[in-house]
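Each chain is listed here by its residues.
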Amino acid sequence: MSAAAKPIKPGLVGWFGYLLESAMAVPGAYRDALVRRPRRTIALTALIVFGLLYPILNRQIFQPWNRASTFPLPFPEDAVVTFMIIFAIMAIGLNIVAGFAGLLDLGYVAFYALGAYTAAFFASPHFGSVTFILFSEAPPGFPGIHLPFWILVPLGFLVAATFGVLLGAPTLRLRGDYLAIVTLGFGEIVPVVFKNLSAVNFEFGPIRLVNANLTGGNLGINPIDAPRFFGISFGSNSGIAAVYLGLILLLGAIVVARNLERSRMGRAWMAIREDEVAAEMMGINTVRTKLLAFGLGASFAGVAGVMQASYQGITTSDFFQFSTSILVLIMIILGGIGNIWGVIVGALGLVFLDSTFLPYLGLRFTAINPDLPNPSQFNFLIFGILLVVMMRFRPEGFIPNRQRAAELRHAPPGQAIGSAAVLGEEALADEAKADEIAAEQVAEVEAEAAAAADAEAESATEGDQPR
Amino acid sequence: MTAAPLPTGDLRTGTLPDDAILVRARGVTKRFGGLVAVNAVNFDIPRGAIVSLIGPNGAGKTTFFNMITGAYTPTSGDITFDGHAIVRMAGSKVRSLKPFQVTALGIGRTFQNIRLFGTMSALDNVRVGLHVHLKSHWWDAVLRTPGMRAEEQRSIERGLELLDIVGLSGRADVWARNLPYGDQRRLEIGRALATNPKLLLLDEPTAGMNSSETAEMTDFIRRLRRDFGLTVLLIEHDMRVVMGISDRVTVLDYGEVIAEGTPVEVRANPRVIEAYLGRGAAAEA
């Protein structure tokens, strides 16, 4: 509690001091965790180290072993791991909209597409009639607009957030089902627009477009510049490097989402989720607050889209289908809606299942008998069954948000008081010991981000309650 | 924090000075389709007073509450609060502030059926009430700037203080829905106090309480008025509470004001007796 009493130094110096202090407190917090919950801490540490080293282990040991062995195991490849991370970023974003503020968004893929096309427009030779290279490592005189990755990420963030606000402004007065339907429509419209803006004739004032190919139509835009830093490519051919670049983005996403959750805005979102009328009566501008949730949630998908386009080097409207929106939604529901760690686990697990485990099962099946069904063709059927089973036995998800868990379980008040009090106390200590907890947070963030690289869906069961 | 002196003078004869009136409602009417829920109500709340709004079920009390707080827009009429127009006629149109704007002006309220944020801690419920007075933006939260963290710390301190005032110290970390009923009522008041109101609207604060809890709540409301310099508008069915606590009582029936005055005056008013007990009883009295 002593940390709470410490005066907070204002200004930039204070801020850096806070960051430094938080970083310095990490070892202490870790030692503390090691003493208090040794088994959990050691298990998590092992998992994290394994996750961080996974791309290297994969390349050096697992893949060669798979090639040589008669009985290969489902080790995800670098590309799959990268997409796990991309989807984890999206899941964190959708969790802000659906988990914190309780707004059902069925068209989340639209923002993913907007981010991807932002990267495609501003880092490819697509607009060959102009040559504009800014800070980019593209060769001089190369046709098209070329911005570097570190500009594309905030740009994708801004574009997606802007469209989130544009969509939200007229629609967030709607509630529940109506909002879901409008977002569903938006999610369908955006990819269709990208698909069809391949021959645009348009004249307005000085702007004159004749048969202009804005979006590449069915073919999409290709090639998109790979992320490059100091002459090193982080694209799909780089393998390991892209995974670590994705991890950095994921770490950023986690920090942003965590900080938003523990703020005035986070409380306002939860209040709206709990009781919108009461929230407005208590002085919360509900429309504006929901708009903020919508815009900020969308921006995560924008960043994920930039990563997708830059990583793969191609983006087409076919990547952005309704099923992707649903997939992200399933991720956060299975993982534990409202809990950042939960939704990350959900994203990692589901992408692993979809891209590695089911195809692997298919291979094993056909090896036994070519007539056996291939499970990867029934992926959504399997997700559906998974959802049903989950809703029956653990409706709050793998790593639940405490509040949601309570809502779904309808714990009788008398029984819940004790546990809630203990949990609440933890939460209070959280707030009061801002400094200490921030340190812990950094540790956890690092921990969990590392786990992100991890392929095994076991992390779900392993990290029982890593908040 | 001393008691605000009660205004002297009489509302009906207009001897009360203008600035002594906190809320002035003129000709407020609310129609729901064909039903006139509130009909041309004129209503003044003197600064520092505890005013009760009573009437049989369906008389339009809660509707009137909801118009003061901006939840409903009246069909016609004007409401001013502390010099600000909450509801005003702009030509033939009625303009009403939004509830969150009204709250920012200084009106806090509780609900007839408790509406706490069930799975948020008691402290966080109160801190939601503090929301209007916190200034940090989302980017401050993302960066955890010193200003934002200082503000959060202040909000925790203030929140704990308010919980203490409403008698919930030590329960800061309990989820609102896990609190006993009486504590939930208190927490609602604490949350309303967090918005730093000048006027506190209490919708049936003693509903469902036994007589000792009711007495406690009555004392509590008096203490709030004294300590916070509040003006209180009360909807209440328990006549002992109304008669014991109110400086003035207004009686609504079928959306119209049928009586207005001190508790003693209102109690003797034949129209009030008629509204509550029926014509026969009124004749007997």
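Every value quoted in this text rests on a predicted model; they were computed, and no experiment measured them.

1. Some words on the overall build of chain A
In terms of helices and strands, chain A carries 18 helices and 7 strands. In chain A, buried positions account for 49% of the 467 residues. Within chain A, counting contacts between residues at least 6 apart in sequence, those at least 24 apart form 75% of the total.

2. Topic: the confidence of the model for chain B
Residues and elements named next belong to chain B. Of the residues in chain B, 91% have a pLDDT of 70 or more, and the chain-wide mean is 88. Low confidence marks residues 1–13, where pLDDT is under 50. Its contacts with residues over four positions away, or in another chain, come to 19 contacts. The ipTM value of the predicted complex is 0.88, and its pTM value is 0.84.

3. Focus: the sheet that holds strand 4 (residues 76–81) of chain B
Strands belonging to one sheet form pairs held by backbone hydrogen bonds; the direction of such a pair is parallel or antiparallel. Residues and elements named next belong to chain B. The 5 strands are arranged 2-1-4-5-6 in an open sheet whose pairing can be described as antiparallel. Looking at strand neighbours, the two that pair on one side only are strand 2 (35–46) and strand 6 (93–96), the edges of this open sheet. Here the average twist between neighbouring strands, direction ignored, is 15°. Both strand 1 (residues 21–32) and strand 2 contribute to a ladder of 8 bridges, which runs antiparallel. Within strand 2, the residue paired with valine 28 across the bridge is valine 41.

4. Re the confidence of the model for chain A
Residues and elements named next belong to chain A. Taken as a whole, chain A shows an average pLDDT of 82; of its residues, 85% reach a score of 70 or greater. Taken element by element, the predicted model of chain A shows its lowest mean pLDDT in helix 18 (residues 459–462) (37) and its highest in helix 5 (residues 109–122) (95). In this model, residues 411–467 is a region of pLDDT below 50 whose contacts with residues beyond four sequence positions or in other chains number 124 contacts.

5. Quick word on the interface of chain A and chain B
The partner chain B presents 43 residues to the 46 residues of chain A that form the contact. Only helix 2 (11–36), helix 8 (240–261), helix 9 (264–274), helix 10 (276–281), helix 11 (286–312), helix 15 (402–409) and helix 16 (413–432) of chain A provide two or more residues apiece to the side of chain A that touches chain B. Considering each element in turn, the side of chain A that touches chain B owes the most residues, 11 residues, to helix 16 of chain A. Taken together, the residues that form the side of chain A that touches chain B break down as 29 nonpolar, 8 polar and 9 charged.

Cut-offs applied
- Residues numbered from 1 in each chain as written.
- Chains lettered and ligands numbered in written order.
- Predicted model: local features only at pLDDT ≥ 70, side-chain atom pairs only at ≥ 80, totals over all residues.
- Helix = DSSP H or I, 4+ residues; strand = E, 2+ residues; numbered from the N terminus.
- Buried ≥ 20, exposed ≤ 12 C-beta atoms within 10 Å, placed from the backbone.
- Contact = placed C-beta atoms within 7 Å.
- pLDDT = per-residue confidence, 0-100.
- Pairing = 2+ DSSP bridges.
- Axes fitted to C-alpha atoms, helices over the stretch in contact; angles between N-to-C directions.
- Nonpolar A, V, L, I, M, F, W, Y, C, P; charged D, E, K, R; others polar.

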